[in-house]
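Residue strings, one per chain:
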Amino acid sequence: MGVICSLGDDPNSFYRNLLEGKSGISAIEGFSCTDFPTRIASEIKSFSPDGWVEPKFSKRMDKFMLYLLTAGKKALVDGGLTEKVFQTLEKERCGVIIGSALGGMKIFKDAMEALTVSYRKMSPFCIPFTTTNTGSAMLAIDLGWMGPTYSISASSATSDVCIISAANHIIRGDADVMLSGGSDAAVMPIGLGGFAACGVLSKRNEDPTKASRPWDSDRDGFVLGEGAGVLLLEELEHAKARGAEIYVEFIGGSTTCDAFHIIEPQPTGHGLSRCIKKALLEAGINREDVNYVNAYACSTTKGDIAEYRALISHFGQNTELKINSTKSMIGHLVGASGAVEAVATVQAIRHGWLHPQINLDKPDKELDMRWMVGPRKERLNIKVALSTSFGFGGHNSCLLFAPFKE
């Protein structure tokens, strides 16, 4: 696993900070936003691609690509792909599917500003470094991997869809090893302004760490974040043959569409409910087997409750069920959110601790607190974990992970 976000740049420090209930949300420092209604974000204050990305590219690339390449290479290190092991890989059977919801927004903005003078002032990299596929392509070029390589953009469901697609390539026999996940870098004027114009951001500027409050009755929108999450997926026998440490098993996933509204979710959560049902059927497991949900819950008035209704309709009879939202601490990383939250889910399975749910001070009236993780970390022997995502356009997605058993 590889992760870059406001709470850490490796899976273990990220997980420790989650368990301690730390918030990565603060006042924006990267640019002046005094005229914006929202002036807070889950902003990465310190990041360097040194040692991970070639200097000639790091000066030209958008941050979403720098985050992607760095997290992807860190996932290889975390997966034990030493130089010796790396040389034994069949490169034609290794691929990269890491998506982005928004792509190179800063590169595009700079190109538009240059165009006001002349197209001759535009960077020759403005097209390739803006499009979402180039992140996966650059990583594949760097690694020499020639298997399935592309990107998928599905709003906030991007990471999940990429992970599902990568897993399917392995299941079909197209590949042995796949890097998959998502990356976005929207904490910049056009990103903040665009989401503010949609009316979906929290305005709790005076108290940033309290701004992201999934399921709380005082929630007023999500907090924009940035970063990347990458999972190294591998065919079981291939992983065993190289002596890899297997963290968990990916057992299924699914996608659906609400076909309801460009921003708002279907109120009953029916689209997400169908998505969960499909994933359970694919994995061949019963709903009673799922006892942990890392929920999408991003702190919007309608979205949180629509998701809660879908979850309880499936798992409300499971007395062991526990639900939390990583976004309470890291905000919403847009296309990267699903993969970063998948890292949190995998860590919970590995270590048996669920991170706290912060800022749930006045639960929404529909909430049954029996199912919710409290303000402190909690122990749980996870049988099957579900991680959910949904986004603009009515995209729904979910991933299922379980402890690996010989």
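Residues numbered from 1 in each chain as written. Predicted model: local features only at pLDDT ≥ 70, side-chain atom pairs only at ≥ 80, totals over all residues. Heavy atoms only, no water.

S.K.: Got a minute to help me understand the overall build of the chain in this structure?
M.R.: Helices and strands together make up the secondary structure of the chain, namely 13 helices and 14 strands. For 406 residues, the compact-globule formula gives about 22 Å, and the C-alpha radius of gyration of the chain, at 20 Å, lands near that figure. Among the 406 residues that make up the chain, the fraction classed as buried is 61%. Accessible area for the chain stands at about 16,500 Å²; split by element, carbon and sulfur atoms hold 53% of it. Distance from the positive charge centre (42 side chains) to the negative charge centre (46 side chains) of the chain: 2 Å. (Helix = DSSP H or I, 4+ residues; strand = E, 2+ residues; numbered from the N terminus. Rg over C-alpha atoms; globule rule 2.2 N^0.38 Å. Buried < 20%, exposed > 50% of the residue type's maximum accessible area, 1.4 Å probe, protein only. Areas by Shrake-Rupley, 256 points an atom, 1.4 Å probe, with all protein chains shown as cover. Lys, Arg positive; Asp, Glu negative; His and termini not counted. Charge placed at Lys NZ, Arg CZ, Asp CG, Glu CD.)

S.K.: Quick question: what am I supposed to make of the environment of N205 here?
M.R.: Along the chain, N205 turns up in the loop between α8 (189-198) and β7 (226-234). Spatially, the C-alpha atom of N205 lies 7.4 Å from that of A27, the residues being 178 residues apart in sequence. Excluding anything up to four places from it in sequence, N205 contacts P37, T38, R39 and I40. Polar side-chain contacts of N205 include one of 2.9 Å to the backbone oxygen of P37. Among the polar contacts made by the side chain of N205, one reaches the main-chain amide nitrogen of R39 at a distance of 2.6 Å. (Contact = heavy atoms within 4.5 Å. Polar contact = N/O pair within 3.5 Å; in protein donor to acceptor, adjacent residues only side chain to side chain.)

S.K.: I would appreciate a short explanation of the layout of surface pockets in the present structure.
M.R.: Rolled over the atoms, a probe as big as a water molecule pinpoints where empty space is left. Of the volumes computed, that of the largest pocket is approximately 660 Å³. In terms of lining, the largest pocket is formed by 25 residues, of which the most central are L233, E234, V248, E249 and F250. Mapped by element, the contributors of at least two residues to the lining of the largest pocket are α7 (158-171), β7, α9 (236-241) and β8 (248-257). In terms of residues, the lining of the largest pocket owes the most to one element, β7, which gives four residues. Across the lining of the largest pocket, the residue classes break down as 17 nonpolar, one polar and seven charged. Considering only enclosed or pocket space, the second largest pocket measures out at about 450 Å³ in volume. Around the second largest pocket, the lining is made up of 31 residues, and of these V200, I263, E264, T300 and F392 lie nearest the centre. Put simply, the parts of the chain that give the lining of the second largest pocket at least two residues each are α8, α11 (301-315), β13 (384-391) and β14 (395-403). It is α11 that provides the largest number of residues to the lining of the second largest pocket, a total of three residues. Residue composition of the lining of the second largest pocket, grouped by class: 13 nonpolar, 14 polar and four charged. (1 Å grid on protein atoms, 1.4 Å probe; cavity = no way out; pocket = protein on both sides within 12 Å on 5 of 7 lines; lining within 4 Å. Points joined across faces, edges and corners; volume = space filled by probe spheres on them. Nonpolar A, V, L, I, M, F, W, Y, C, P; charged D, E, K, R; others polar.)

S.K.: Before we go on, may I ask you to explain the sheet that holds strand β9 (residues 290-294) in this structure?
M.R.: The strands that make up a sheet pair up through hydrogen bonds in the backbone, lying either parallel or antiparallel. Here we have five strands laid out as an open sheet, ordered β8-β14-β13-β9-β10, and mixed in their pairing. On the outer flanks of this sheet lie β8 and β10 (322-324), each paired with one strand and no other. Averaged over neighbouring strand pairs, the angle between their axes works out to 20° when direction is ignored. Bridge count between β8 and β14: nine bridges; the pairing is antiparallel. Looking at β14, one finds that E249 is bridged to A402. (Pairing = 2+ DSSP bridges. Axes fitted to C-alpha atoms, helices over the stretch in contact; angles between N-to-C directions.)

S.K.: Looking at this structure, I do not really get the packing of aromatic side chains. What am I missing?
M.R.: Note on aromatic pairs: each is described by the distance of the centres and the angle between the planes. Here the structure, examined in full by the defined rule, presents eight aromatic pairs. A centroid spacing of 6.1 Å and a plane angle of 20° characterise the contact between F86 and W145, whose relative ring orientation is stacked. Highlighted residues: F86 in helix α4 (residues 83-88) and W145 in the loop between α6 (133-143) and β5 (149-150), separated in sequence by 59 residues. When sorted by exposure, F86 lands in the same class as W145, which is buried. A centroid spacing of 6.2 Å and a plane angle of 55° characterise the contact between F195 and F392, whose relative ring orientation is tilted. One end of the pair, F195, is in helix α8; the other, F392, is in the loop between β13 and β14, and 197 residues separate them in sequence. Judged by relative accessible area, F392 falls into the partly exposed class, the value being 28%. (Phe/Tyr/Trp six-rings, centres within 6.5 Å; stacked < 30°, edge-to-face > 60°.)

S.K.: How do you make sense of the nonpolar core when you look at a structure like this?
M.R.: The nonpolar side chains of soluble globular proteins are, as a tendency, buried together. By size, the foremost hydrophobic cluster in this structure holds 46 residues, and its most contacted members are W215, V290, V293, F315, I323, L386 and L400. Mapped onto this core, the elements with two or more residues apiece are α8, α10 (270-283), β9, α11, β13 and β14. Counting residues in hydrophobic clusters, the runner-up holds 45 residues, among them A166, V248, A344 and V346. (Core = buried A, V, L, I, M, F, W, Y, C linked by side-chain atoms within 4.5 Å.)

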